[in-house]
Amino acid sequence: MEIQNQESISAAAKIIVQSRYTIALVGAGLSVGSGIPTFRGAGGLWTKLGEPSNNGYENFLADPKAWWDQNLNAKIDPERTKFREAIEKAKPNPGHLALVDLEKICVLKHQITQNIDNLHYVAGSKKITEIHGNRTKLRCVGCDMRWHRDEFDRITLDWKQTLPPKCNTCFGIVKPDTVMFGEPIPLSTLNTCVDETRLSDCILVIGTSATVYPAAGFPREVLSSGGKIIEINPEETPISQTATESIKGPTEDSLPKLVTEIKRIIGDDPTT
Ligand code: APR
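Predicted model only: the values in this text are computed from it and were never measured.

**Re the packing of aromatic side chains**
Aromatic rings in a pair are described by how distant their centres are and how their planes are angled relative to each other.
Here comes step 1: Counted according to the given criterion, the structure contains nine aromatic pairs.
Here comes step 2: Aromatic side chains Phe60 and Trp67 sit 5.3 Å apart centroid to centroid with 85° between the ring planes, which places their arrangement in the edge-to-face category.
Here comes step 3: The exposure class of Phe60 is buried, given its relative accessible area of 0%.
Here comes step 4: Judged by centre distance (5.1 Å) and plane angle (80°), the ring pair of Trp68 and Trp159 falls under edge-to-face. Separated by 91 residues along the polypeptide, Trp68 in helix H4 (residues 64–73) and Trp159 in the loop between helix H8 (149–155) and strand E6 (174–176) bring together distant segments of the chain. As far as the burial class goes, Trp68 and Trp159 line up, both buried.
Here comes step 5: Taken together, Tyr57, Phe60, Trp67, Trp68, Trp147, Phe152 and Trp159 form an aromatic cluster joined through their ring pairs.

**Brief notes about the site of the ligand**
Here comes step 1: Close to the ligand lie 21 residues, the nearest being Phe39, Arg40, Trp46, Thr208 and Ser209.
Here comes step 2: A distance of 2.7 Å separates an oxygen atom of the ligand from a polar side-chain atom of Trp46.
Here comes step 3: Contact distances for the ligand include 3.3 Å between an oxygen atom and a backbone N or O atom of Gly207.
Here comes step 4: If the ligand stood free it would expose 730 Å²; the protein chains cover 90% of that surface.
Here comes step 5: Residue composition of the shell around the ligand, by class: eight nonpolar, ten polar and three charged.
Here comes step 6: Taken domain by domain, the shell around the ligand gets at least three of its residues from each of domain 1 (2–36 + 91–135 + 178–266) and domain 2 (37–89).

Analysis parameters
Residue numbers restart at each chain and count upward from 1, following the sequence in its written direction. The model is predicted, so local features are restricted to residues of pLDDT at least 70 and side-chain atom pairs to those at 80 or more, both for listing and for counting; the totals for chains, interfaces and linings are taken over all residues. Side-chain measures here rest on the full set of heavy atoms in the structure, leaving out hydrogens and waters. Aromatic rings from Phe, Tyr and Trp, taking only the six-membered ring of Trp, are treated as a pair when their centres fall within 6.5 Å; an angle between ring planes under 30 degrees marks them as stacked, one over 60 as edge-to-face, and anything in between as tilted. Any residue under 20% of the maximum accessible area for its type is buried, any over 50% is exposed, and the rest in between are partly exposed; the area is computed with a 1.4 Å probe on protein chains only. By definition, any uninterrupted DSSP run of H or I lasting at least four residues is a helix, any uninterrupted run of E lasting at least two residues is a strand, and each is numbered from the N terminus. To be near a molecule or strand, a residue needs just one of its heavy atoms within 4 Å of it. Here a polar contact means two N or O atoms within 3.5 Å. Within protein one must be a hydrogen donor candidate and the other an acceptor candidate, and residues neighboring in sequence count only if both atoms are side-chain atoms. Exposure was quantified through the Shrake-Rupley algorithm and a 1.4 Å probe, taking into account, for residues, occlusion by the shown protein chains and nothing else. By the convention adopted, Pro, Cys, Tyr, Trp, Phe, Met, Ile, Leu, Val and Ala count as nonpolar, Lys, Arg, Asp and Glu as charged, and the other residues, Gly among them, as polar. Domain start and stop points were drawn from an automatic or database domain assignment.

Here is the structure:
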């Protein structure tokens, strides 16, 4: 397995160095090395609790006060408590740091992450679009204004006394930034993802089951415009068959090796 993986890493590194605009689509697998469970597969949150229904957002809009009351005060499922505690104490792992490195040497142009755990920013990545939001933020459903939770607490004193919280710009209803099941991806976020995908001739598909749209559609977009897919995942996914290269194994191990190989190639050939 090791030799085969090294060959895949070398082949993938060559493709990336020869590409003009490499982006990444990232999923929960990247944060496994930080102690955060995935959603699907062994030990996944939805594997334990079942996949949520698609009416979460509809329920929120039907009665935002009741939703906030329930979410601020109710006892939550022990599995969700464990998941939240894992995120609270998580730190970036070598996989996150490898992506920071790739961005710094201008090889990785942009990351579209499905992860809400904020670890890309903590690790030091800058060119990020969080397609499913960020758990440390709140967002106005009226004007898409976002605040860090601490900032919102400062500017909207005692907001928990008068639910639902309201936007101080357009008076729209404020919700967690994390995209709920059945909630449309905020338009400006989706437009950035589409623009980056259109620019890309190589997409790294990292630690995602590639089953949730629209994110799962981006690799197919890159492929259909003649670009290449490099998948980095210990398991097979619905796009494995279309990947130009597949690097098997946990990203906390494989991404640092990929970056080392990319740097070796670039270092040997200053014209790249
Ligand atoms: N390194 C890399 N990948 C891993 C690792 C690891 N150490 N461990 C597991 N994986 C892979 C699994 O093989 C799987 O393909 O991570 C993937 C996790 O898949 P999901 O749990 O479905 O997570 P994700 O693809 O991010 O889900 C997409 O679904 O519920 C929504 O909003 C949620 O953003 C999430 C979206």
